Amino acid sequence: MTALRTERLVLDAPRESDIDAVFAACSDAVVQQWIPIPSPYTREDAEFFVRSYVPHGTASGRFSVWALRIDDGPLLGTIELRRDEATGSASVGCWQAPDARGHGYMREALARILSYAFAPEGLGLTRLRWEYLVGNEASKRLATAVGFAFDERSPHAVDIRGDAREALFGVLERPASGDGGPALD
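In this text, all values refer to a predicted model and were calculated from it rather than measured experimentally.

**So, the overall build of the protein**
Of the regular secondary structure elements, the protein holds five helices and nine strands. Counting from the amino terminus, helix and strand elements in the protein follow one another as β-β-α-α-α-β-β-β-α-β-α-β-β-β. By the compact-globule yardstick of 16 Å for 185 residues, the protein fits well, its C-alpha radius of gyration being 16 Å. Principal-axis analysis of the C-alpha atoms gives the protein an extent of 45 × 35 × 35 Å. The buried share among the 185 residues of the protein stands at 45%. For the protein, contacts bridging at least 24 residues in sequence account for 57% of all contacts bridging at least 6. Split by element, the accessible area of the protein, about 9,400 Å² in all, is 52% carbon and sulfur. Of the charged side chains in the protein, 20 are positive and 27 negative; the average position of the first set lies 2 Å away from that of the second.

**Describing the nonpolar core**
Counting 33 residues, the largest nonpolar core has I79, V92, L128, W130 and F148 as the members making the most contacts within it. When contributions to this core are tallied by element, the ones reaching two or more residues are β3 (63-69), β4 (77-83), β5 (89-96), α4 (105-118), β6 (127-133), α5 (137-145) and β9 (163-173). Examining the composition of this core, we find that 10 residues originate from one element, α4, more than from any other. When neighbours within four sequence positions are excluded, L128 is seen to be in contact with L81, A90, V92, L114, A117, F118, F148, G170, V171 and L172.

**With respect to the pattern of salt bridges**
Where charged atoms of side chains with opposite charge meet at close range, the side chains can pair. Inspection of the entire model under this criterion finds 16 salt bridges. Taking the shortest distance from any N to any O, the salt bridge between D28 and R101 comes out at 2.7 Å. Note that D28 is positioned in the loop between α1 (19-27) and α2 (29-34) and R101 in the loop between β5 and α4, a separation of 73 residues in sequence. By relative accessible area, which is 16% here, D28 ends up buried.

**Looking at the pairing of β9**
Bridging between β6 and β9 involves seven bridges; their strand directions are antiparallel. Note on β9: the bridge partner recorded for L133 is A167. Direction of pairing for strand β7 (residues 149-150) relative to β9: antiparallel, over a ladder of two bridges. Residue pairing across strands places F150 opposite G170, the latter belonging to β9.

**Observations regarding α1**
For α1, the set of buried residues is I19, V22, A25 and C26. Relative to the axis of α1, the buried residues are bounded by an arc of 130° and lie together on one face. Against α2, α3 (43-60) and β5 lie the buried residues of α1.

**Some thoughts on the confidence of the model for the protein**
For the protein, per-residue confidence averages 91 on the pLDDT scale, and residues scoring 70 or more make up 95% of the total. The lowest-confidence element of the protein is strand β8 (residues 156-160), averaging 89 in pLDDT; the highest-confidence one is α1, averaging 97. Across residues 178-185 the pLDDT falls below 50, and counting only partners more than four positions away or on other chains, this stretch makes 15 contacts in the model.

**Describing the side chain of R69**
Take R69: it is sitting in strand β3. Under the relative-accessibility criterion, R69 is labelled buried at 0%. At 3.4 Å, the side chain of R69 forms a polar contact with the backbone oxygen of G73. In this view, R69 contacts R8, L9, V10, D12, A13, P14, R15, D18, P74, L75 and L76; residues no more than four positions away in its chain are not counted.

Criteria and thresholds
Residues numbered from 1 in each chain as written. Predicted model: local features only at pLDDT ≥ 70, side-chain atom pairs only at ≥ 80, totals over all residues. Heavy atoms only, no water. Helix = DSSP H or I, 4+ residues; strand = E, 2+ residues; numbered from the N terminus. Rg over C-alpha atoms; globule rule 2.2 N^0.38 Å. Buried < 20%, exposed > 50% of the residue type's maximum accessible area, 1.4 Å probe, protein only. Contact = heavy atoms within 4.5 Å. Areas by Shrake-Rupley, 256 points an atom, 1.4 Å probe, with all protein chains shown as cover. Lys, Arg positive; Asp, Glu negative; His and termini not counted. Charge placed at Lys NZ, Arg CZ, Asp CG, Glu CD. Core = buried A, V, L, I, M, F, W, Y, C linked by side-chain atoms within 4.5 Å. Salt bridge = Lys/Arg side-chain N within 4 Å of Asp/Glu carboxyl O. Pairing = 2+ DSSP bridges. Arc of directions from axis to C-beta. pLDDT = per-residue confidence, 0-100. Polar contact = N/O pair within 3.5 Å; in protein donor to acceptor, adjacent residues only side chain to side chain.

What follows is the structure, given as structure tokens:
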């Protein structure tokens, strides 16, 4: 996995020292409400995420997980890019620690990762998808802020721990050179 930087952030792989922060963030009621993770979330789940899930994604090339942090500071959240079955396509997901919300960190990190995902010298992707659970307005605002467009006419159901939730897909296509597409850097 390639480490990336923004003006304020370092985006690198979650590490052993992040386990307690992953546990705390994924135990948060807001994260639990919107992200399909175990509930209750245990320290063992956090250990599995850092020690097994993340390295497997990197080794297999199927997905990458970036940790957001200021310099070498504590974990602020994560962003995952998971390749779809369609060539050149991936889906994006993220969560943020409660104390990190409201500072623009996730938008800044997401813009950098999307730029890398679309760059020919990066991942060379042509299309990204975002799944928005209806009611999670923060997720929809974040996605639209970086250019995702949602088709309100095509809702589908997502199972979150046995609860069928309405969701919409948003799509972001790689901007053509010089077309005035979304500013991702």
